[in-house]
Amino acid sequence: MRKTEVLVVGGGPAGLSAAIAAASMGAKVLLVDDGLKLGGQLVKQTHKFFGSHRQSAGVRGIKIAGMLLSDIEKLKDKIEVVSNTTATGYYQDDGVVTAMTGEDVYMKIKSERVIIATGASERMLTFPNNDLPGVYGAGAVQTLMNVYGIVPGDRVLMVGAGNIGLIVSYQLMQANVEVATVVEAMPYIGGYLVHASKIRRLGVPIYTSHTILEVYGKDAVEAAAIVKLDSKWQPIPSTKRILNVDTVCLSVGLSPLIELLWQAGCKMKYVPQLGGNVVLRDKYMRTSRRDIFVAGDVAGIEEATSAMLEGKLAGLIAASDLGYAYDGWEADREDTLSSLEELRRGPLSEKIRSGLKEVVVEW
Amino acid sequence: MEKFTDDDVIVCRCEDVTLGQIREVIRRGYTDPEEIKRITRAGMGPCQGKTCRDIIIREVARITGKRIDEIPVPTYRPPSKPIKVGLLAEESD
């Protein structure tokens, strides 16, 4: 049995920030992450971030990962990192978290406080032949290209015009891959206009109220059909078109990875604005289980900047529960809280704000 | 034109369960995703339902006319990925 004071599950922007905050307070932190390298989705984000300058706007995601990792390094006497390790369960009777490194080392972890920052998984669509090689999640393609330097194919159909779909389309083009078309089932483009304009200027059409109908191919994707949807989301047969593509990229939303929170018995609510079932929590990210906190996409699909701020809050409060502090930490906490509010103030955050209203409570 | 979603579409890749099989058990009256999981094995493979869970819940909602938040969520039973029995046996404390 490994024992620690603050266990952080997940080494993406939320988890890293949580670990840094908790260790800065003085707590002993164990950080487990299933990746071979820390950083979560940040390491493949070659684009510059938006938002305010205080939250690293204008800095590329991968650089932000580097900044967080250097902070982790500075705190290495407080933070123990265990990579390539998946948390496999939470057991309510004794509050033990189990984890497995690779496939050969299994461990039990007991911690005074647990911060769950497990992120999200990509959603799938049901269409004929969706299991053919060449059908990818957009996030998987981003990993393949930007982390491993491998392009997925020659000509791509992108399904979904949210930020991930738009950004990955642009990054495909940067890697010399042709993007045939972007289709979006909603009647409008969900992502930021600046990303949409960038790929439109390069000649890629974005069709709203359109979706993928099916994929054709014997051993791999050889073509895909798209179709226009009517106002009741039904395909209009006469609008079916076949595209010669060898890759289909699905960017149709993310689903919070809530398993551990569910196993811990944290109170949950289905909030579609936040991506599905998410936990109730107070403004400092404490769940209905006093010793368990959340941060990042697992708490509701948002973005890396908010994930880092949530992680910091969770880390500060978890450590403060154990009696740790540093000079001015309370001011830091309030400052983080107001940065988060500021970040969510714009019209583009309306959906997030309405979702949060349903899950942020006072314990 | 073909139907929008075909019955042959694989919903659970781990256990090779099709959308048609899911629809069939829903029509037979199994509208709780936990029951559907146990009957079809969808969601019981190595990935533990990360892809099919949402699809099945949406399909139940569509066929029964219920809202998604009215559909019970199936148990997320640990372990969340396959662990060798030998490893479990070794870990005694």
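Thresholds, definitions, all that
Residues numbered from 1 in each chain as written. Chains lettered and ligands numbered in written order. Predicted model: local features only at pLDDT ≥ 70, side-chain atom pairs only at ≥ 80, totals over all residues. Heavy atoms only, no water. Helix = DSSP H or I, 4+ residues; strand = E, 2+ residues; numbered from the N terminus. Phe/Tyr/Trp six-rings, centres within 6.5 Å; stacked < 30°, edge-to-face > 60°. Lys NZ or Arg CZ within 6 Å of the ring centre and 35° of its normal. Contact = heavy atoms within 4.5 Å. Buried area = accessible area lost by both parts, 1.4 Å probe. Salt bridge = Lys/Arg side-chain N within 4 Å of Asp/Glu carboxyl O. Polar contact = N/O pair within 3.5 Å; in protein donor to acceptor, adjacent residues only side chain to side chain. Nonpolar A, V, L, I, M, F, W, Y, C, P; charged D, E, K, R; others polar. Pairing = 2+ DSSP bridges. Axes fitted to C-alpha atoms, helices over the stretch in contact; angles between N-to-C directions.

Undergrad: Outline unusual backbone geometry, listing residues and values.
TA: Here the residue pair Pro78 of chain B and Pro79 of chain B is connected by a cis peptide bond, since its omega of 0° sits within 30 degrees of zero. Checked against the element boundaries, Pro79 of chain B lands in the loop between α3 (52-64) and α4 (85-90). Phi at Asn129 of chain A takes a positive value of approximately 70°, unusual for a residue other than glycine. With respect to the helices, strands and loops of the structure, Asn129 of chain A is situated in the loop between β7 (120-122) and β8 (135-137).

Undergrad: Explain the packing of aromatic side chains to me, using residue names and the numbers behind them.
TA: On inspection of all chains with the given rule, the structure shows one aromatic pair over all chains. The positively charged end of Lys198 of chain A is found above the aromatic ring belonging to Tyr170 of chain A, 4.3 Å away from the centroid. Positioned above the aromatic ring of Tyr76 of chain B is the side chain of Arg53 of chain B, whose terminal nitrogen or guanidinium carbon lies 3.5 Å from the ring centre.

Undergrad: Please set out the interface of chain A and chain B residue by residue, giving values where relevant.
TA: Contacts between chain A and chain B engage 36 residues on the former and 34 residues on the latter. Among the residues chain A hides against chain B, the three largest losses belong to Tyr106, Thr126 and Trp262 of chain A. Together they make up 20% of the total. The tally of links from chain A across to chain B stands at three salt bridges. Here Lys50 of chain B makes a salt bridge to Glu259 of chain A, at a shortest N to O gap of 3.2 Å. The tally of links between chain A and chain B comes to nine residue pairs in polar contact (both at pLDDT 80 or more). Put simply, the parts of the chain that give the side of chain A that touches chain B at least two residues each are β4 (85-91), β6 (105-116), β12 (210-216) and α6 (259-263) of chain A. It is β4 of chain A that contributes the most residues to the side of chain A that touches chain B, five residues altogether. Tallied by class, the residues present in the side of chain A that touches chain B amount to 18 nonpolar, 10 polar and eight charged.

Undergrad: Please set out the sheet that holds strand β9 (residues 155-159) of chain A residue by residue, giving values where relevant.
TA: Strand pairing within a sheet occurs via backbone hydrogen bonds; the two strands may be parallel or antiparallel. All names here are of chain A. Across the sheet, which stays open at both edges, the five strands sit in the order β8-β15-β9-β10-β11 with parallel pairing between neighbours. Only two strands of the sheet have a single partner each, and these edge strands are β8 and β11 (206-208). On average, each strand axis in the sheet is tilted by 20° relative to the strand beside it, whichever way the strands run. Relative to strand β15 (residues 247-250), β8 runs parallel, the two being bridged by three bridges. Its bridge partner lying in β15, Val135 is registered against Val248. The strands touched by helix α4 (residues 163-174) are β9, β10 (178-184) and β11; relative to β9, the strand with the most contacts, the crossing angle is about 170°.

Read these as spatial facts, not as claims about activity.
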